Amino acid sequence: PYALAGPQGCTNGSVVVPQSVTAAEDAPVVAWWERPAGGRTWRVMVDGRPALAPGCLRPWPHQPPQLSPAGHSIAFPCSTRFDDHGEAIEVIHGLRRYGPYPEVWALALSDDGKQLAYGASDGSVDTAWAVYRDGVQVSERYYSVWRPRFDPAGKHLAWEASRTSHGGNVLVLDGRPLATFDHLIDGPLFDRTGEVAWIIRRKNRLARLNFPLER
């Protein structure tokens, strides 16, 4: 059945963010953002139970909650303050909390769900962004970053970044710059044992670049 509700119903009723609903890859586990009826803060639900986290001021709009393939681990950003001094965003990973940061981007869990990588800003204008692994900065600062990725074993971390607003795009493995590119087509890919690969464009040429994971 359908019900019509006025503004008060939208303000006081329970709300679910449809685009936040996500499922684990290999398990019947579902997560989503919701605001309970009568509440002012938002929370992440996992199979109908709230994740252990502080109340969040808003649902995260850029990415749904991240579930590990087996559904045993969850991660998401949580806005805990928004005022004249800016926003404070904590990164929640199970019982762990990292930050706060002025801005967060692109979370990624390892396949076993035990490790978390993400980009976070220090709020500055030029080179604000860095890649973090379990709350520890593991990169230099960049103008912008793409989403990092773990290899299947969770030993290595690869990402892409821009050094300036005019370009200087670089492929990075474990903090080590490997190559530059103009446009990212796909990657990082871990489809060959012991290697990481990217598909990129340089000017009018497409290329797949493969690099060994170990030096």
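Here, the structure is the one placed above.
Predicted model only: the values in this text are computed from it and were never measured. (Residues numbered from 1 in each chain as written. Predicted model: local features only at pLDDT ≥ 70, side-chain atom pairs only at ≥ 80, totals over all residues. Heavy atoms only, no water.)

Chemist: In this structure, what is going on with the side chain of Ser20? I would like to understand it.
Modeler: Here Ser20 lies in the loop between strand 1 (15–16) and strand 2 (22–23). Assessed through its relative accessible area of 3%, Ser20 is described here as buried. A polar atom in the side chain of Ser20 sits 2.6 Å from the backbone oxygen of Val17. Only 2.9 Å separates the side chain of Ser20 from the backbone nitrogen of Trp33, close enough to count as a polar contact. Apart from residues lying up to four places away in sequence, Ser20 is in contact with Ala31, Trp32, Trp33, Pro64 and Pro65. (Helix = DSSP H or I, 4+ residues; strand = E, 2+ residues; numbered from the N terminus. Buried < 20%, exposed > 50% of the residue type's maximum accessible area, 1.4 Å probe, protein only. Polar contact = N/O pair within 3.5 Å; in protein donor to acceptor, adjacent residues only side chain to side chain. Contact = heavy atoms within 4.5 Å.)

Chemist: Quick question: what am I supposed to make of the pairing of strand 8 (residues 86–93) here?
Modeler: On a regular strand, each side chain points to the face opposite its neighbour's, so the side chains alternate between the two faces of the sheet. Of all 8 residues in strand 8, 7 are buried; the element is thus mostly enclosed. Between strand 7 (residues 74–83) and strand 8, which follow one another and run antiparallel, lie 2 residues. Here strand 8 runs beside strand 9 (residues 96–101); their pairing, made up of 4 bridges, is antiparallel. Across the sheet, the residue bridging to Ile92 is Arg97, located in strand 9. Connecting the antiparallel pair strand 8 and strand 9 is a turn made up of 2 residues, with Gly94 showing a positive phi of about 65°. (Pairing = 2+ DSSP bridges.)

Chemist: Quick question: what am I supposed to make of the layout of surface pockets here?
Modeler: A probe as big as a water molecule, rolled over the atoms, marks out the empty space that is left. Computed from the structure, the largest pocket encloses a volume of approximately 330 Å³. Residue assignment for the lining of the largest pocket shows that the elements contributing at least two residues are strand 2, strand 6 (66–67), strand 10 (103–109) and strand 15 (149–150). Residues that form the lining of the largest pocket fall into these classes: 9 nonpolar, 4 polar and 5 charged. (1 Å grid on protein atoms, 1.4 Å probe; cavity = no way out; pocket = protein on both sides within 12 Å on 5 of 7 lines; lining within 4 Å. Points joined across faces, edges and corners; volume = space filled by probe spheres on them. Nonpolar A, V, L, I, M, F, W, Y, C, P; charged D, E, K, R; others polar.)

Chemist: How should I be thinking about the environment of Ser79 in this particular structure?
Modeler: Counting through the fold element by element, Ser79 comes out in strand 7. For Ser79, a relative accessible area of 1% puts it in the buried group. It is 29 Å that separates the C-alpha atoms of Ser79 and Asn169, two residues lying 90 residues apart in sequence. For Ser79, the residues in contact, after removing those within four places along its chain, are Gly55, Cys56, Leu57, Arg58, Glu87, Ala88 and Ile89.

Chemist: Sorry, what's going on with the pattern of salt bridges here?
Modeler: Side-chain pairs of opposite charge can arise whenever the charged atoms involved come near each other. One pass over the structure, following the stated rule, counts 8 salt bridges. Note that Arg58 and Glu87 form a salt bridge whose closest N and O atoms lie 2.8 Å from each other. Here Glu87 lies in strand 8 and Arg58 lies in the loop between strand 5 (49–50) and strand 6, a separation of 29 residues in the sequence. Take Glu87: its relative accessible area is 15%, and that puts it in the buried class. (Salt bridge = Lys/Arg side-chain N within 4 Å of Asp/Glu carboxyl O.)

Chemist: Any chance you could explain the side chain of Ser162 here in plain terms?
Modeler: Along the chain, Ser162 falls in strand 16 (residues 157–164). Ser162 gets classed as buried once you look at its relative accessible area, which sits at 7%. Among the polar contacts listed, one links the side chain of Ser162 to the side chain of Asn169, at a separation of 2.5 Å. Ignoring any residue separated from it by four or fewer positions in sequence, one finds Ser162 in contact with Tyr142, Tyr143, Ser144, Trp146, Gly167, Gly168 and Asn169.

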